[in-house]
Amino acid sequence: MSEAALTRSQVAAMVDHTLLKPEATAADVTALIDEARSLGVLAVCVSPSMLPIRADGLVTAAVVGFPSGKHHSLVKGAEARLAVDQGAAEIDMVIDVGAAVAGDYSAVLADILTVREAMGESAILKVILETAALSDEAIVECCRAAVRAGANFVKTSTGFHPAGGATVEAVTLMAQTVGPGVGVKASGGIRTTQAALDMIAAGATRLGLSGTRAVLDGLTD
């Protein structure tokens, strides 16, 4: 699918409509779900403490170890298991970014494996790398660890790290590393239609957006 051929509905079908602000309320989540339905997106992504939610017709995703990734692996696993038990069909987990920076990719692998084993195989696992804080080598090695651990997606960013969010360069590198069998989710700082299209052209198969309407309003069917 070429960038020029993408329609509003096609891009919407790739979007996780996201609300992860610490001050988010139950009413905010209800509004998120209503907006997601009106926009025709694929999924809503929320903090695990907001589960369970009623989001018929939408995929429910929840984050784990968010946003620092510095939670104990067993805590991440328990958080993921609980989220799945409360209706999450997809889990977006944050790796131990410090382990990746230090080059301890065995620890990164073990962390992801712990979450995958705890949550089971029925739910989709997306692994957040926080690419703006990593070298290209670390991005590649963490992608390889995610694939080995059985992840379904690798994801650029939480959107909360001061180093920044998704870049075309990171998405390209991730897509090249994981190959066609694993998805790439671009997330963090994608606020315009062109930025979203650039990420898709680079190899992103899913987009994490909080300003979804503004992105989709630049497209037509």
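Definitions and cut-offs
Residues numbered from 1 in each chain as written. Predicted model: local features only at pLDDT ≥ 70, side-chain atom pairs only at ≥ 80, totals over all residues. Heavy atoms only, no water. Helix = DSSP H or I, 4+ residues; strand = E, 2+ residues; numbered from the N terminus. Expected span 1.5 Å × (residues − 1). Buried < 20%, exposed > 50% of the residue type's maximum accessible area, 1.4 Å probe, protein only. Arc of directions from axis to C-beta. Contact = heavy atoms within 4.5 Å. UniProt positions renumbered as here; feature names shortened; annotations may be inferred. Polar contact = N/O pair within 3.5 Å; in protein donor to acceptor, adjacent residues only side chain to side chain. Salt bridge = Lys/Arg side-chain N within 4 Å of Asp/Glu carboxyl O.

Draft legend 1. A look at helix H2 (residues 26-39). An ideal rise of 1.5 Å per residue puts 20 Å on 14 residues; H2 measures up with 20 Å between its terminal C-alpha atoms. Turning to H2, its buried residues are Val29, Leu32, Ile33, Ala36 and Leu39. Projection of H2 onto a plane perpendicular to its axis shows the buried side chains occupying an angular sector of 130°, all on one side. Among the exposed residues of H2, those pointing more than 90 degrees away from its buried face are Ala27 and Ser38. Contact partners of the buried residues in H2: helix H1 (8-12), strand S1 (15-19), strand S2 (43-46) and helix H9 (212-216). Just beyond H2, the residue with positive phi is Gly40, at close to 75°.

Draft legend 2. Just the UniProt feature "active site" (unreviewed entry) in the chain, in detail. With numbering matched to this structure, UniProt assigns "active site" (unreviewed entry) to Asp92, Lys155 and Lys185. Maximum C-alpha separation among the annotated residues is 10.0 Å over a sequence range of 94 residues, consistent with a single clustered spot. Inspection of the secondary structure puts Asp92 in strand S4 (residues 90-94). We classify Asp92 as buried; its relative accessible area is 0%. Residue contacts for Asp92: discarding those within four places in its chain leaves Asp16, Cys45, Ala61, Ala62, Val63, Val64, Lys126, Ile128, Lys155 and Lys185. Reaching out from Asp92, the side chain makes a polar contact with the side chain of Lys126 at a distance of 2.8 Å.

Draft legend 3. Region of the structure containing helix H5 (residues 105-119). Between its first and last C-alpha atoms H5 spans 21 Å; for 15 residues at 1.5 Å apiece the expected length is 21 Å, and the two agree. Listing the buried residues of H5 in full gives Tyr105, Val108, Leu109, Asp111, Ile112, Val115, Arg116 and Met119. Burial along H5 is one-sided: seen end-on, the buried residues are contained in an arc of 160°. Of the residues in H5, the exposed ones pointing more than 90 degrees away from the buried face are Ser106 and Glu117. Contacts made by the buried residues of H5 are with helix H3 (73-85), S4, helix H4 (97-101), strand S5 (124-128) and helix H6 (136-148). Where H5 terminates, the next one or two residues include Gly120, which has phi positive at roughly 85°.

Draft legend 4. Up close: the pattern of salt bridges. For the structure shown, the criterion picks out 15 salt bridges. Across the pair Asp16 and Lys126 runs a salt bridge whose closest N-O atoms are separated by 3.2 Å. Residue Asp16 is found in strand S1, and its partner Lys126 is found in strand S5; the two are separated by 110 residues along the sequence. Both residues of the pair, Asp16 and Lys126, belong to the buried class. The residue Asp96 makes a salt bridge to Lys70 at a minimum N-O spacing of 2.7 Å. Pair noted here: Asp96 is in the loop between S4 and H4 and Lys70 is in the loop between strand S3 (59-64) and H3, with a separation of 26 residues, a long-range link. Judged by relative accessible area, which is 23%, Asp96 ranks as partly exposed. Put simply, Asp16, Glu90, Asp92, Lys126, Lys155, Lys185 and Arg206 are held in one network by salt bridges that share partners.

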